[in-house]
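If you want the building blocks of each chain, they are given just below.
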Amino acid sequence: MLLQIFKAILITSTVGSVLAALLLLLKPITKRCFGSTWQYYAWTIVLIVMMLPVTIRLPQAATNIAPDVSLNMQQTFTDATVQTESENVQQIPIPAVDTKPLGQSTVNVLKDISFGITDMMCYAWLVGLMLMLGINLIRYLIFLLAIRKNSVIISCPGIDADKIITRKTSMIDAPLMVGIFSPLLLLPDIEMSEENLNYILLHELTHYRRHDLWYKWFAMLVNTVHWFNPFAYIVSRQIDQECEISCDLSVVANLDENEQKGYMNTILTLVSRTGTTTKLFTTAMASNKNQIKRRFTMIKNATKKSKITILFSVITACIILGASVFASGVLSDKTQSQDLHKPQEIESVTENQTNILLIGVDGSEQMRTDTLMLLSLNKTNNSLAVLSIPRNTLITSDKQDNKISNLMTDGDAQKIIDAVTNHLEIPVNYYARINFEGFRNIIDILGGVEFNVPVDMLYDDPAQNLYISLKKGLQILDGEKAEHLVRYRAGYPEGDIARVRMQQNFITELIKQKFDTKYFAEISGLYNELSKNVVTNYPSVKIAEDMKALNKININEIETFILPGTTELRQTTLYFVVNDAELKNLIEQKFALK
């Protein structure tokens, strides 16, 4: 979870940096066209983008097995065929591969190093965030405590004491406002004319009405989260600079020429007295002497913007925000897709056990999930266990009930994987998604499977273009009939559970009958089908290792299980409700990664 958050932060930080650089480049134009107030609030777009992780998925074609994985698989199986013919054995032999533990191979050592660097960066970011947040809050609290000890509450004309508390203190040389929930107006303990006080109040109350302190706290939060990004500091400085200028322009908008001169004289008077540095999370009327010339120039040249200009500036800001959020969302989706499909584990890698989630999808455009199975290869005791997950298994997320089969979106299996690993807490290393076209063709390439169909199976579903007509009895099932067998569910008294058992029986027979070297003559056809109709993150190197271990198991002792639970009707919808206690016990015994 922490690593996913860190990756999201990196993405938003990248997009925010590009946007900040773009705004800086366009600043001479936007400042002239839209003014400093627009320039001030435009930085809000950058802050929002850097703190708003979104994912936007564009329509795209399904991704097949990665070429390097497929080619390596083909070479592995081809080599296996040659070796088998020379040794004349009846189990699937595997070519000689590096039998050192997974973490000790050169490839995986490099991968481990890579993950180590990523983890270190992630924790370094977290430590930096905590330090930055802690330091800023401590400095702020120390300043507040010092102010409370060295100030007195005074009444100030025009100030609602119920909303804003006014204090006079000798700790500051210029007026400022601090606090977002309980605002404090701090005045220096100096003599000032009534005119100067009026202008000071105009300035600080403008900050209060515009919620500038909230803005600065938000900028501080973004700066803290993205403490490693130089652009976060640049954005904060830009906000501080534009804050006072836009406040000046807001104040003088309702003043005549003489009053504007009086306002600027007040600023000059305060600046001449100011000797303190800028305080954290405060507004300060005279906090930066270097900005005075620019502020006065902006006041003198201030012109009222037309309604058309204001409307155009708002539209421009909305377009920039929308484009930035869209870019961030698409980049986030691309990153997630790469993480999902790259040849590495979904969960932790173990040397002694491999759990593979098989996801069978129909031929519809939505790629609805039809079959879910977990294959667990245990290399310690040379066993293979199969766990079937009913397609109507109840998954409750955000207080909403859903069937696990409905979680597939546009062929993306991530939500199903998350449901299995997080909601059902079943550990998974890899996944493979296969559609029924590939299933049919693979069965045909292997010459069909001899199977005893227990009952006559008749079922028509025009919506799925599915028409099942199977006769009871022992027969050779080709690809189409095999698909009909595993998809049939209408005539079982036990409903989907009986269908799941039928699927398990068929898969078991498939392994028993076709786990034979003579079928490697069809490896070219099998490879083509896998390339076209299978999406997986199962690395070819790991496949070779696991296939070698698969040689040692007794095919007749394959164990099959169904997710423990009961079928329940909830608000007209039939769900399979998992028995958590029994599932936990089953996982510990058969499917826990060891």
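Predicted model, so just to flag it, every value in this text is computed and none were measured.

Cut-offs used in this document
- Residues numbered from 1 in each chain as written.
- Predicted model: local features only at pLDDT ≥ 70, side-chain atom pairs only at ≥ 80, totals over all residues.
- Heavy atoms only, no water.
- Core = buried A, V, L, I, M, F, W, Y, C linked by side-chain atoms within 4.5 Å.
- Buried < 20%, exposed > 50% of the residue type's maximum accessible area, 1.4 Å probe, protein only.
- Contact = heavy atoms within 4.5 Å.
- Axes fitted to C-alpha atoms, helices over the stretch in contact; angles between N-to-C directions.
- Helix = DSSP H or I, 4+ residues; strand = E, 2+ residues; numbered from the N terminus.
- Parallel < 35°, antiparallel > 145°, perpendicular 65-115°, else oblique.
- Left-handed = near helix turned anticlockwise from the far one by under 90°.
- Nonpolar A, V, L, I, M, F, W, Y, C, P; charged D, E, K, R; others polar.
- Salt bridge = Lys/Arg side-chain N within 4 Å of Asp/Glu carboxyl O.
- Pairing = 2+ DSSP bridges.
- Phe/Tyr/Trp six-rings, centres within 6.5 Å; stacked < 30°, edge-to-face > 60°.
- Patch = residues over 30% accessible without salt bridge, like charges linked within 9 Å, V, L, I, M, F, W, Y side chains within 5 Å.
- Areas by Shrake-Rupley, 256 points an atom, 1.4 Å probe, with all protein chains shown as cover.
- Lys, Arg positive; Asp, Glu negative; His and termini not counted.
- Charge placed at Lys NZ, Arg CZ, Asp CG, Glu CD.
- pLDDT = per-residue confidence, 0-100.
- Disulfide = S-S within 2.5 Å.

Draft legend 1. Quick peek at the nonpolar core. Formed by 34 residues in total, the largest nonpolar core has its most connected members in L357, I359, I389, I404, L424, I426 and L563. Excluding residues within four positions of it along the chain, L424 makes contact with I389, T393, I395, I404, A419, L563, V578, L583 and I587. If you look at the next biggest cluster of nonpolar residues, it comprises 24 residues, including L144, I147, C156 and L270.

Draft legend 2. Expanded view of the packing of helix α12 (residues 436–445) against helix α13 (residues 479–487). One way to put it is that α12 packs onto α13 with a least axis distance of 7 Å and a crossing angle of 130 degrees. Accordingly, the angle class assigned to the pair α12 and α13 is oblique. For the crossing formed where α12 meets α13, the hand is right-handed. Contact residues: F436, F439, R440, I443 and D444 in α12; G479, E480, A482, E483, V486 and R487 in α13. Classifying every residue of the contact of α12 with α13 gives five nonpolar, one polar and five charged.

Draft legend 3. Geometry of the pattern of salt bridges. This structure, assessed with the given rule, holds 10 salt bridges. Between K27 and E242 there is a salt bridge whose closest N-O contact spans 3.2 Å. Of the two residues, K27 sits in helix α1 (residues 2–34) while E242 sits in helix α7 (residues 230–252), which places them 215 residues apart along the sequence. You'll find K27 and E242 in the same group, each marked buried.

Draft legend 4. Fine view of unusual backbone geometry. Unusually for a residue other than glycine, H211 sits at a positive phi of about 60 degrees. Note on placement: H211 falls in the loop between α5 (194–209) and α6 (212–225). Phi at T572 takes a positive value of approximately 70 degrees, unusual for a residue other than glycine. Structurally, T572 is set in the loop between β18 (565–570) and β19 (573–578).

Draft legend 5. Local environment of the sheet that holds strand β16 (residues 534–536). Spatial ordering of the open sheet is given by β16-β11-β6-β7-β8-β17, a layout of six strands whose pairing is mixed. Looking at which strands have only one partner, the edges of the open sheet turn out to be β16 and β17 (559–562). When the angles between neighbouring strand axes are averaged without regard to direction, this sheet yields 20 degrees. Strand contacts of helix α11 (residues 414–423): β6 (353–361), β7 (369–378) and β11 (430–435), with the helix running at about 135 degrees to β6, the strand carrying the most contacts. Helix α16 (residues 540–550) contacts β6, β7, β8 (383–388) and β11 of the sheet and is inclined by roughly 70 degrees relative to β7.

Draft legend 6. Local environment of the pairing of β6. For β6, the buried fraction is high: eight of the nine residues fall into the buried class. Examined bridge by bridge, β6 and β7 share nine bridges and lie antiparallel to one another. Looking at β7, one finds that L358 is bridged to M373. In terms of strand pairing, β6 meets β11 through six bridges, oriented parallel. Bridge pairing links L358 to A432 in β11.

Draft legend 7. Representation of the packing of aromatic side chains in the model. Summed over all chains, the structure comprises 15 aromatic pairs. Between Y199 and Y263 the ring centres are 6.1 Å apart and the planes differ by 80 degrees, which places this aromatic pair in the edge-to-face class. Of the two residues, Y199 is situated in helix α5 and Y263 in helix α8 (residues 257–273); the sequence distance between them amounts to 64 residues. Judged on exposure class, the residue Y199 and its partner Y263 are both buried. Every member of this aromatic cluster is reached through a ring pair, and the members are F436, F439, F451 and F506.

Draft legend 8. Quick look at the side chain of T166. Positionally, T166 belongs in strand β2 (residues 165–169). Taking the relative accessible area as the measure of exposure, T166 reaches 3% and is therefore buried. In contact with T166, not counting residues within four places along its chain, are V152, I153, I154, C156, I159, L185 and L187.

Draft legend 9. Just a negative patch on the surface, in detail. Judged by side-chain charge, E195, D256, E257 and E259 come together as a negatively charged surface patch. Residue placement: E259 occurs in helix α8. Judged by its relative accessible area of 32%, E259 is partly exposed.

Draft legend 10. A look at the confidence of the model for the protein chain. Residues at a pLDDT of 70 or more form 78% of the protein chain, whose mean pLDDT is 78. Model confidence for the protein chain, summarised as mean pLDDT per element, is weakest for helix α3 (residues 67–87) at 44 and strongest for strand β15 (residues 473–477) at 93. Of the regions scoring below 50 in pLDDT, residues 340–348 engages in 33 contacts with residues more than four places distant in sequence or in other chains.

Draft legend 11. Highlighting the state of the cysteines. Scanning all chains against the criterion turns up zero disulfides. Residue C243 stays outside any disulfide, its sulfur separated by 6.5 Å from that of C247, the closest cysteine. Residue C243 is classed as buried on the basis of its relative accessible area, which comes to 0%.

Draft legend 12. Seen up close, the side chain of N392. As for its position among the elements, N392 is in the loop between β8 and β9 (394–397). Non-local contacts of N392, meaning those with residues more than four positions away in its chain, are made with K403, D496, L574, Y575 and F576.

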